[in-house]
Amino acid sequence: MRIPHLFKCPISLDLFKDPVTLCTGQTYDRSSIEKWLSSGNLSCPVTMQKLHDPSMVPNHTLRHFINQWLEMDNQFDPHYLQTIDYLSSLKCGLKSRDEGTLESKVQVLKEIRAFSQLESPFRNNLLLQLGFLPLLLELVFGGGEAELKEKQKLHEECYYYIDFVEQALCCIITLLPLSELESLNMLREENNLASFQALFANSTTSIRMSLCRLIEAASTSPETKGLCSMLGKNNQLLHQILAQLLHQNLNSEEDGDAAIKAVSALSSLEENREFLVEQGVVNGLTSYMISTVEGHKRNLAPLAVATLEKLLGLESAREAVISNPNGIQSVVKMVFRVSDDHGGSDSAVGSLIILCNDSLLAREEAISGGVLTQLLLLLQSQCSGQTKTKARMLLKLLRIKWSQEANQLL
């Protein structure tokens, strides 16, 4: 019987009976590694790294594969076994702690990306079963900010480190839709979150976009609600998102779009909204919408307006819009100009109803900004019935309020 390489213990070279994984990522049969450690050895037999944590974690995925193989009378599809062996070798390449192999790790990640991008759910499920997602997350964020800066310093004249992070994040994002998002909770650990922040502050557009997508993912699952809450109340991270993406780098359309998605994701959790407003998110959204009005192409303007509408349930958000010199004007311009399909018109009109209901200043600025013309154009367009109903409500509100104010003057 030929035992697949992946199913053999590196120490005994026999079929695994009880596979366990060490902190180095290497897997051994429990009885074999226990004998090794009881003999006074304090290192990993394969990598020879010192074991900073001697604990053993049962490798249920490998045990599952072995049981499948035994139940099928050792008749796995040879190509399937070859694929497992191939991925196992890639995983070993990623686990190496030798900094001199960074270039080779980049190549390994490119191979993983190519493997995962082929149209076959089986491939990505196999990557997940073999534990690639937690490994990739640990490689990118593990070690904290100090270790991250040391790596950046070590490779500052070599693009391989940035390429490594970019490739690893792309692999992570590919695997996330098929995985349990609970693995992202590793970012709740202080050191890992520090790495996340450091990458956000000192990285490429591609890396920042990927980090924003991780924020999006964290907002979509009950398993990561705590992480979303933590990110949404992180002053340093929010400052980076707003300063780097919304204010300073709007010349990069991709940066701005990624930031809007991240802000929208964080605001989906109601408990985050007050802090987001305090950190200036309303002004950031307004700046993004102004860029739309001024002719810059902004495909996510509807999402920006929808996010603003969510925040307007807070008095502080309403005050922020009204006090912004361009706040009301920017929302008015969104009523009919968000997109050809009026994707954000509904949120723009809804926002104005909230703003104009209790504020004379908001009503005056809306009318002087041409909201009446915008609403009439909207009513003649092909927008939805719901949006037209809201437009009529806003017109009625403005008329009633104007009449009441006129009577008070008489």
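Scope of this entry: the structure provided in the associated data block. (Residues numbered from 1 in each chain as written. Predicted model: local features only at pLDDT ≥ 70, side-chain atom pairs only at ≥ 80, totals over all residues. Heavy atoms only, no water.)

What about the overall build of the protein?
Within the protein one finds 22 helices and 3 strands. Out of the 410 residues belonging to the protein, those deemed buried represent 51%. Summarising the internal contacts of the protein: among those between residues at least 6 apart in sequence, 69% fall at separations of at least 24. A total of about 19,900 Å² of accessible surface is found on the protein, and carbon and sulfur atoms cover 50% of it. (Helix = DSSP H or I, 4+ residues; strand = E, 2+ residues; numbered from the N terminus. Buried < 20%, exposed > 50% of the residue type's maximum accessible area, 1.4 Å probe, protein only. Contact = heavy atoms within 4.5 Å. Areas by Shrake-Rupley, 256 points an atom, 1.4 Å probe, with all protein chains shown as cover.)

Some details on unusual backbone geometry
For residues that are not glycine, phi is negative in most cases, and the peptide bond is trans in most cases. Despite not being glycine, Leu13 shows a phi value in the positive range, around 65 degrees. Mapped onto the fold, Leu13 is located in the segment before strand S1 (19-21).

Focus on the sheet that holds S1
One open sheet holds the 3 strands; their spatial order is S2-S1-S3, and the pairing between them is antiparallel. With one partner strand each, in any of the chains shown, strand S2 (27-29) and strand S3 (57-58) form the two edges of the open sheet. Strand direction decides the pairing type here: S1 and S2, joined by 3 bridges, are antiparallel. The partner of Thr21 across the bridge, within S2, is Thr27. Helix H1 (residues 30-38) rests against S1, S2 and S3 of the sheet, and its axis sits at about 95 degrees to S2. (Pairing = 2+ DSSP bridges. Axes fitted to C-alpha atoms, helices over the stretch in contact; angles between N-to-C directions.)

Here's the deal with the side chain of Asp29
Residue position: Asp29 is located in strand S2. Although Asp29 is buried, it makes no salt bridge; Lys17 carries the closest opposite charge, 6.4 Å away. Looking at Asp29, its side chain comes within polar contact range of the main-chain nitrogen of Lys17, at 2.6 Å. Other than its neighbours up to four places away in sequence, Asp29 contacts Cys9, Phe16, Lys17, Asp18 and Pro19. (Lys, Arg positive; Asp, Glu negative; His and termini not counted. Salt bridge = Lys/Arg side-chain N within 4 Å of Asp/Glu carboxyl O. Polar contact = N/O pair within 3.5 Å; in protein donor to acceptor, adjacent residues only side chain to side chain.)

Section: the packing of aromatic side chains
Where two aromatic rings form a pair, the distance of their centres and the angle of their planes describe that pair. For the coordinates displayed, the defined rule picks out 2 aromatic pairs. Consider the rings of Phe196 and Phe200, whose centres lie 6.3 Å apart with planes at 45 degrees: the pair is tilted. You can see Phe196 and its partner Phe200 sitting in helix H9 (residues 190-201), 4 residues apart, about one turn around the helix. Through pairs of rings, three or more aromatic residues link up here, namely Phe141, Phe196 and Phe200. (Phe/Tyr/Trp six-rings, centres within 6.5 Å; stacked < 30°, edge-to-face > 60°.)

Description of the packing of helix H18 (residues 327-337) against helix H21 (residues 371-379)
Interaxial distance between H18 and H21 falls to 8 Å at its minimum, and their mutual angle equals 20 degrees. Between H18 and H21, the angle is such that the two are roughly parallel. Crossing geometry of H18 relative to H21 is assigned as left-handed. Within the contact between the two elements, H18 uses Val332, Lys333, Val335, Phe336 and Arg337 and H21 uses Val371, Gln374, Leu375, Leu377 and Leu378. A class-by-class count of the residues in the contact of H18 with H21 yields 7 nonpolar, 1 polar and 2 charged. (Parallel < 35°, antiparallel > 145°, perpendicular 65-115°, else oblique. Left-handed = near helix turned anticlockwise from the far one by under 90°. Nonpolar A, V, L, I, M, F, W, Y, C, P; charged D, E, K, R; others polar.)

Brief notes about the pattern of salt bridges
Per the counting criterion, the structure on display carries 6 salt bridges. Arg63 is paired through a salt bridge with Asp18; the nearest N and O atoms lie 2.8 Å apart. One end of the pair, Arg63, is in helix H2 (residues 60-71); the other, Asp18, is in the segment before S1, and 45 residues separate them in sequence. On the accessibility criterion, Arg63 (32% relative accessible area) is partly exposed. On the basis of relative accessibility, which here comes to 23%, the residue Asp18 falls in the partly exposed class. Residue Asp163 is joined to Lys110 by a salt bridge in which the shortest nitrogen-to-oxygen separation is 3.8 Å. You can see Asp163 sitting in helix H8 (residues 160-175) and its partner Lys110 sitting in helix H4 (residues 102-117), a full 53 residues away along the chain. A relative accessible area of 11% means that Asp163 is categorised as buried. Since its relative accessible area comes to 36%, Lys110 is described here as partly exposed. Here the salt bridges do not stand alone but share partners, grouping Asp18, Arg30 and Arg63 into one network.

So, the environment of Val57
Summarising the element assignment, Val57 is placed in strand S3. Val57 sits 37 residues away from Val20 along the chain, and the two C-alpha atoms are 5.2 Å apart. Excluding residues within four positions of it along the chain, Val57 makes contact with Pro19, Val20 and Thr21.

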